Amino acid sequence: MTLAGKRIVLIISGGIAAYKSLDLIRRLRERGASIRPIMTRGAQEFITQLAVGALSASHVYTELFSREDEQDVGHIRLARDCDLIVIAPATADLMAKMANGHADDLASTVLLATDRPVLVAPAMNPKMWAHPATQRNVSTLKADGINLVGPMAGEMAESGENGLGRMTEPLDIVAAVERLLDDAPKPLAGKTAIVTSGPTHEPIDPVRYIANRSSGRQGHAIAAALARLGADVTLVSGPVTLPDPTGVKTVHVERAEEMRDAVISRLPADIAVMVAAVADWRTVAPADQKIKKQPGEAPAPLRLTENPDILKTVGHHKYRPKIVVGFAAETQNVEDNGRTKLERKGADLIVANDVSPETGIMGGTRNSVKLITKTGVETWPDLSKDEVADRLAQLIAGRLNGG
Ligand code: CTP
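The rules behind these values
- Each chain carries its own residue numbering, running from 1 in the direction its sequence is written.
- Only residues with pLDDT of at least 70 are given local features in this predicted model, and only at 80 or more are side-chain atom pairs given and counted; all residues enter the totals for whole chains, interfaces and linings.
- Side-chain figures throughout are based on the complete set of non-hydrogen atoms in the structure, without hydrogens or water.
- UniProt positions are given in the numbering used here, feature names are shortened, and annotations may be inferred rather than shown by experiment.
- The helix count covers DSSP runs of H or I at least four residues long, the strand count covers runs of E at least two residues long, and both are numbered beginning at the N terminus.
- The near set for a molecule or strand comprises every residue that places at least one heavy atom within 4 Å of it.
- N or O atoms closer than or at 3.5 Å make up a polar contact, with two conditions inside protein: a donor-capable atom paired with an acceptor-capable one, and, for residues adjacent in sequence, both atoms drawn from side chains.
- We get accessible surface area from the Shrake-Rupley algorithm with a probe of 1.4 Å; when it comes to residues, only the shown protein chains can shield them.
- Residues are sorted three ways: Asp, Glu, Lys and Arg are charged, Ala, Val, Leu, Ile, Met, Phe, Trp, Tyr, Cys and Pro are nonpolar, and all the rest, Gly among them, are polar.
- Put simply, buried Ala, Val, Leu, Ile, Met, Phe, Trp, Tyr and Cys residues joined by side-chain atoms within 4.5 Å make one nonpolar core.
- Burial status follows relative accessibility: with a 1.4 Å probe on protein chains alone, a residue under 20% of its type maximum counts as buried, one over 50% as exposed, and anything between as partly exposed.
- Any two residues whose heavy atoms approach within 4.5 Å are treated as being in contact.
- A pairing counts as a salt bridge when a side-chain nitrogen of Lys or Arg comes within 4 Å of a carboxyl oxygen of Asp or Glu.
- Note on pairing: DSSP must find at least two bridges between two strands before they are called paired.
- With axes taken as lines fitted to C-alpha atoms, and helix axes fitted only over the stretch in contact, angles between N-to-C directions fall between 0 and 180 degrees.
- Call a crossover right-handed when, viewed with both strands pointing away from you, the route from the first strand across the helix to the second goes clockwise.
- Residue ranges for the domains originate in an automatic or database domain assignment.
- For classification purposes, angles smaller than 35 degrees are called roughly parallel, those larger than 145 roughly antiparallel, those between 65 and 115 roughly perpendicular, and all remaining angles oblique.
- The handedness criterion is simple: a crossing whose near helix is rotated anticlockwise from the far helix by less than a right angle is left-handed, and one whose near helix is rotated clockwise is right-handed.
- Side-chain rings of Phe, Tyr and Trp (the six-membered ring for Trp) are treated as a pair once their centres are within 6.5 Å; stacked means planes under 30 degrees apart, edge-to-face means over 60, and tilted covers the remaining angles.
- The criterion for a charge sitting over a ring is simple: Lys NZ or Arg CZ within 6 Å of the ring centre, and within 35 degrees of the ring normal.
- Helices are assigned an expected span. That span is 1.5 Å times one less than the residue count.
- The arc refers to the directions leading from the helix axis to the C-beta atoms.

## Quick notes on the UniProt feature "domain: DNA/pantothenate metabolism flavoprotein C-terminal" (unreviewed entry) in the protein
Point 1. In the numbering used here, UniProt assigns the feature "domain: DNA/pantothenate metabolism flavoprotein C-terminal" (unreviewed entry) to residues 188-397.
Point 2. Between the end C-alpha atoms of residues 188-397 there is a gap of 6 Å, over a span that is 25% helix and 26% strand.

What follows is the structure, given as structure tokens:
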């Protein structure tokens, strides 16, 4: 809930990208923000008040001279009673009005009356964006302290023309909102971190591979949590279906050896958190062609060889990070096995958990972990993987800063 308690006024102006602002509302609310939507006349040509009202669970403000709207909050309170005003999509016309201080409808009046930060996500035809008038307005808005996100390059929905002008995707607008509203302390500012996440896939032939049930949720959450505390994070991820976390550099790999190379090439770093469920073995020589079954014959045995242990390599490396954290996925003797791994792999901390199928941890959204260090064991309550990630990031920050 990165936007918990944040109040956002969302101005939707009239462009085809308005349909994406419906998704934007959902994404912002998912993260805990409350939304007060304002729609211009143009916006109402593209999407309905009903859809915006239902998704935002709010009254939709449309008129400057509406007795009902003015009695509800009034345009001055609408402009000030929020943490941020987001305009998505922002048309060339609305940006021109803002740059010149017009106030002839509700949206432009709120924008002139506000003393809150404003984020603009422009969306328009590439020729309109490139026009000197629009570019002059963009410079003026920037000089006025207005924040811009996008536009992006790509094909226009209506004309098929290519060029700069597409509205930034909703999740990237959310990331920009999170950055603007992030007032949390940054105890990991200036620190670098490497996190591994997900399974690895070890090929048998071009269509088959050895894998495991890791979803990558815990590793991705840790990468995002470290980044929220200000760390410069590289996430090395095996094949997962999750989106890349915001504010993190994500490197995609398939095999354990690729993961090892990606991790080692990023040393030195201050922090390493090895969460990936790396396959212990790979096939000695993956077949170039799909292996065919021979009717009546026993299947050929798979010849396996051990994969490099990435955590152990990092834990004993000459550029060993100041804090090395490993995970231990166990189905029995969780503490003993965790302690052995701490020693053997040269880690400072092992986050051990019981991944027996009945716990639902592997592939699930919750986790119950034990923290094993050289000096003892701490048992954390059952938490969401995001909560485990936040706590672990705080603990790492505390240790790194001498706590
Ligand atoms: N790990 C690693 N490279 C490997 C195997 C494991 O970096 N080739 C890391 C994992 O990311 C995790 C820790 O080592 O942080 C422990 O992983 P786990 O699978 O529990 O341990 P293994 O060493 O594979 O031991 P076993 O499978 O025998 O329990």
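## Focus: the site of the ligand
Point 1. As a matter of local geometry, the ligand sits amid 15 residues, with Met 274, Ala 276, Phe 327, Lys 341 and Lys 345 nearest to it.
Point 2. Ala 329 is positioned such that a nitrogen or oxygen atom in its backbone is 3.1 Å from an oxygen atom of the ligand.
Point 3. In isolation the ligand has 560 Å² of accessible area, and contact with the protein removes 79% of it.
Point 4. At the level of secondary structure, the elements contributing two or more residues to the shell around the ligand comprise α13 (310-315), β16 (323-330) and α14 (334-345).
Point 5. Of the residues forming the shell around the ligand, the biggest block, 4 residues, is contributed by β16.
Point 6. Across the shell around the ligand, the residue classes break down as 10 nonpolar, 1 polar and 4 charged.

## Structural notes on the nonpolar core
Point 1. Of all hydrophobic cores here, the largest spans 33 residues; its most connected members are Leu 226, Val 233, Val 273 and Leu 392.
Point 2. Going through the elements one at a time, β8 (192-197), α11 (217-228), β11 (232-237), β13 (271-274), β16, β17 (349-354), β19 (369-372) and α15 (385-400) are the ones with two or more residues in this core.
Point 3. Residue contributions to this core peak at 7 residues, all from α15.
Point 4. Those residues in contact with Val 233 that sit more than four places away from it in its chain are Ala 193, Val 195, Ala 223, Leu 226, Ala 227, Val 248 and Lys 249.
Point 5. Counting residues in each nonpolar core, the second largest holds 30 residues, with Ile 12, Ala 18, Ala 176 and Leu 181 among its members.

## What to know about the pattern of salt bridges
Point 1. Per the stated rule, a full pass over the model turns up 29 salt bridges.
Point 2. The shortest N-O distance in the salt bridge between Arg 31 and Glu 30 comes to 3.5 Å.
Point 3. Relative accessible area serves as the criterion here: at 38%, Glu 30 is assigned to the partly exposed category.
Point 4. As a salt-bridge pair, Glu 335 and Lys 370 come within 3.8 Å of each other at their nearest N and O atoms.

## A look at the environment of Gly 53
Point 1. Counting through the fold element by element, Gly 53 comes out in helix α3 (residues 49-56).
Point 2. Residue Gly 53 is classed as buried on the basis of its relative accessible area of 16%.
Point 3. Separated by 13 residues in the primary sequence, Gly 53 and Ser 66 place their C-alpha atoms 17 Å from one another.
Point 4. Not counting the four nearest positions on each side in its chain, Gly 53 is found in contact with Ser 58 and Val 60.

## Some words on the sheet that holds strand β4 (residues 118-122)
Point 1. The strand order across the open sheet built from 5 strands is β2-β1-β3-β4-β5, with neighbouring strands paired in parallel fashion. On the outer flanks of this sheet lie β2 (34-39) and β5 (147-148), each paired with one strand and no other.
Point 2. Of the strand pairs in this sheet, strand β3 (residues 84-90) and β4 are connected by 4 bridges, and their pairing is parallel. Counted as the bridge partner of Ile 87 is Val 120 from β4.
Point 3. Relative to β2, α3 is tilted by about 170°, and along the sheet it contacts β1 (7-12) and β2.

## Focus on the pairing of β16
Point 1. In terms of burial, β16 is largely enclosed, as 7 of its 8 residues are buried.
Point 2. Inspection of the sheet shows β13 paired to β16 by 4 bridges, in the parallel sense. Note that in β16 the partner of Ala 272 across the bridge is Val 324.
Point 3. Judged from the 6 bridges that link them, β16 and β17 form a sheet pairing that is parallel. Note on β17: the bridge partner recorded for Phe 327 is Val 351.
Point 4. Between β16 and its parallel partner β17, the chain crosses via α14, and the hand of that crossover is right-handed.

## Quick look at the domain arrangement of the protein
Point 1. When its domains are assigned, the protein resolves into domain 1 (7-180) and domain 2 (192-400).
Point 2. In this structure, domain 1 and domain 2 have C-alpha centres spaced 41 Å apart.

## Details of the packing of α11 against α15
Point 1. Running from N to C, α11 and α15 point in directions that differ by 45°, and their axes come no closer than 8 Å. Between α11 and α15, the angle falls in the class oblique. Crossing hand, α11 versus α15: right-handed. Contacts between α11 and α15 involve Arg 217, Gln 218, Ala 221, Ile 222, Ala 225, Leu 226 and Arg 228 from the first element and Lys 385, Asp 386, Val 388, Ala 389, Asp 390, Leu 392, Ala 393 and Ile 396 from the second.

## Thoughts on the packing of aromatic side chains
Point 1. In total, this model carries 0 aromatic pairs according to the counting rule given.
Point 2. In this structure, Arg 391 is placed above the aromatic ring of Trp 380, and the distance from its NZ or CZ to the ring centre is 5.2 Å.

## A few points about helix α9 (residues 132-143)
Point 1. The terminal C-alpha atoms of α9, which comprises 12 residues, lie 16 Å apart, in line with the 16 Å expected from a rise of 1.5 Å per residue.
Point 2. Of the residues making up α9, those classed as buried are Thr 134, Asn 137, Val 138 and Leu 141. Within α9, the buried residues cover an arc of 105° as seen down the axis, which keeps them to one side. Opposite its buried face, α9 presents the exposed residues Pro 132, Arg 136 and Ala 143, each directed more than 90 degrees away.
Point 3. The elements touched by buried residues of α9 are α6 (92-100), α8 (126-130) and β5.

## Observations concerning the environment of Val 138
Point 1. Following the sequence through the fold, Val 138 ends up in helix α9.
Point 2. Here Val 138 falls in the buried class, since its relative accessible area comes to 5%.
Point 3. Once the C-alpha coordinates of Val 138 and Leu 148 are considered, the two residues, 10 residues apart in sequence, prove to be 8.6 Å apart.
Point 4. What Val 138 contacts, discounting residues up to four positions off in sequence, is Met 95, Trp 129 and Leu 148.

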